[in-house]
Amino acid sequence: MVKRVAIVGAGVSGLASIKCCLEEGLEPTCFERSSDLGGLWRFTEHVEEGRASLYKSVVSNSSREMSCYPDFPFPEDYPNFVPNSLFLEYLKLYSTQFNLQRCIYFNTKVCSITKRPDFAVSGQWEVVTVTNGKQNSAIFDAVMVCTGFLTNPHLPLDSFPGILTFKGEYFHSRQYKHPDIFKDKRVLVVGMGNSGTDIAVEASHLAKKVFLSTTGGAWVISRVFDSGYPWDMIFMTRFQNMLRNLLPTPIVSWLISKKMNSWFNHVNYGVAPEDRTQLREPVLNDELPGRIITGKVFIKPSIKEVKENSVVFNNTPKEEPIDIIVFATGYTFAFPFLDESVVKVEDGQASLYKYIFPAHLPKPTLAVIGLIKPLGSMVPTGETQARWVVQVLKGATTLPPPSVMMEEVNERKKNKHSGFGLCYCKALQTDYITYIDDLLTSINAKPDLRAMLLTDPRLALSIFFGPCTPYHFRLTGPGKWEGARKAILTQWDRTVKVTKTRTIQESPSSFETLLKLFSFLALLIAVFLIFL
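Rules used in this analysis
Residues numbered from 1 in each chain as written. Predicted model: local features only at pLDDT ≥ 70, side-chain atom pairs only at ≥ 80, totals over all residues. Heavy atoms only, no water. Phe/Tyr/Trp six-rings, centres within 6.5 Å; stacked < 30°, edge-to-face > 60°. Buried < 20%, exposed > 50% of the residue type's maximum accessible area, 1.4 Å probe, protein only. Helix = DSSP H or I, 4+ residues; strand = E, 2+ residues; numbered from the N terminus. Pairing = 2+ DSSP bridges. Right-handed = clockwise from strand over helix to strand, strands pointing away. UniProt positions renumbered as here; feature names shortened; annotations may be inferred. Contact = heavy atoms within 4.5 Å. Polar contact = N/O pair within 3.5 Å; in protein donor to acceptor, adjacent residues only side chain to side chain.

**With respect to the packing of aromatic side chains**
Applying the stated criterion across every chain, the model contains 33 aromatic pairs. Judged by centre distance (5.3 Å) and plane angle (75°), the ring pair of W263 and F264 falls under edge-to-face. We classify W263 as partly exposed; its relative accessible area is 37%. For F264, a relative accessible area of 7% corresponds to the buried category. Connected via pairs of aromatic rings, a cluster forms that spans W41, Y69, F72, F74, Y78, F87, Y90, Y94 and F98.

**Let's talk about the pairing of strand β2 (residues 27–31)**
Burial analysis of β2 places four of its five residues in the buried class, which makes it a mostly covered element. Bridge analysis of strand β1 (residues 4–8) against β2 gives five bridges, and the strand direction is parallel. Residue pairing in the sheet places V8 in a bridge with F31 of β2. Remark: the β1/helix α1 (residues 12–23)/β2 crossover connection has right-handed handedness. Note: β2 against strand β3 (residues 104–105), two bridges, orientation parallel. Its bridge partner being in β3, C30 is matched across the sheet by I104. Running through helix α2 (residues 84–97), the crossover from β2 to the neighbouring parallel element β3 is right-handed.

**So, the UniProt feature "binding site: NADP(+)" in the protein**
Per the UniProt record, the feature "binding site: NADP(+)" sits at S60, N61, S195, G196, T197 and D198. G196 gets classed as buried once you look at its relative accessible area, which sits at 1%. In this structure G196 touches V189, G191, L212 and A328, once residues within four positions along its chain are discounted. For T197, the location among the structural elements is in helix α4 (residues 194–203). Residue classification places T197 among the buried residues on the basis of a relative accessible area of 0%. Filtering out sequence-adjacent residues up to four positions away, T197 remains in contact with G191, M192, L212, V283, N285 and L288. A distance of 2.8 Å separates the side chain of T197 from the backbone oxygen of G193, its partner in a polar contact.

**Structural notes on unusual backbone geometry**
A positive phi angle, near 60°, is found at S227, a position not held by glycine. By the element assignment, S227 lies in the loop between β12 (220–221) and α5 (231–235). You can call S227 exposed: its relative accessible area is 72%. One non-glycine residue with positive phi stands out, namely Y355, at about 65°. Within the secondary structure, Y355 sits in the loop between β22 (352–353) and β23 (357–358).

**What about the environment of K304?**
Looking at the element boundaries, K304 is found in strand β15 (residues 303–306). Residue K304 is classed as exposed on the basis of its relative accessible area, which comes to 52%. Separated by 13 residues in the primary sequence, K304 and P317 have C-alpha atoms spaced 9.6 Å apart. In this structure K304 touches P161, V312, F313 and N314, once residues within four positions along its chain are discounted.

Below you can see the structure in the form of structure tokens.
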């Protein structure tokens, strides 16, 4: 029987894994190679080996209500999008609330995790660690790997002819901390993901000139969405997700395109994605269009050649003088402490059932948490994964035979799209709500909306039509949180509270009242058609 669990990493997913183990009576031991918890969200002035690195100005891309742990809301005075320093403070509050730090060994590097000789029977692992130069070894019944995928920078210099002759400075975005280095420089940022766009915008406030080079383009959206609400609270609802998955992909892609272009025409700004059928993570940036229209950032195609002091872009013969190149070209991931026979990384993914369990192992006692790219927040995703894993380790939830799991993994790797809904065709991408609901269903924790519509219609309507906040995931099942219902019904109040710092008296409108009445009637009809 599984009792002792080793957890690698004390970041967002590692902390959730410790808590999930404790609440189900397991004995977790967490190994963290750095001096403190927080993982990605702990800013340091210098890059630390084996740990994700962020720049000083990082703010969460998911809103507060959508990116909290399912049974631990953010403090009500936090902004809707949380700066990294406050996010770290929140993680420490979480750790303190559930007394997690007693399970963490800091400054401890995991060197190897190997199967015991009797693994086929016991499922046990030997974990070798090093603390302050001293090596230790211990036996565990199970292992949860929570190291993330933002530690190994991908820097494909071979793809940029002439880069070795460049006399200026170049580095990966992982090394970036502050914009001061760009003062009065001509800067080129390569890669239009969230980091690349953030860095280009920051540089544009100090640099002489800034270019942002992109091969495929991207949809750019603001954190401030319809009526000023956070983007994900509007976009990520069960109702909208159901509609998207029912519609053919070309129609969904057209609707997404129309919505994205309602802020600004992406074609006119040179940033529109070339492939609009495959979903790529949108870029969250509130300033980019403004920096482009004022001539502070120039969008360019891919690089044709790098010269000693300049760069030539494809389809543009003019050489552009450049002093600094920042490669925001993403990350690869690996598990150096695991043998390839346990987890093998190929083409940016691993053979993991539900993105968690190595499908070929005879005993499901090793799990990888957080190795996934949902459209939603990683905090509730990792927590739900950990909760599901603990139920598997306890024997409360049973996995299919290895052959069945491998078949599902191989089918997923083929990236065959159904032709409906959003097209998640990149490695590790998945539908957030569908994925979470799948895990919750297997541990009897998914809310039953049909039954709830009869017993608690107000809550059922909030869950179906409102934002898919993490509180949904702890409403029922093992680890049920008694405060979930109240948190769901008051989520909009908390969202408005932090922005409405000046009260304005609004005069009631009879037209508005009539409109609300008709809207309510339409809602009732929609519910009747959907549920009955």
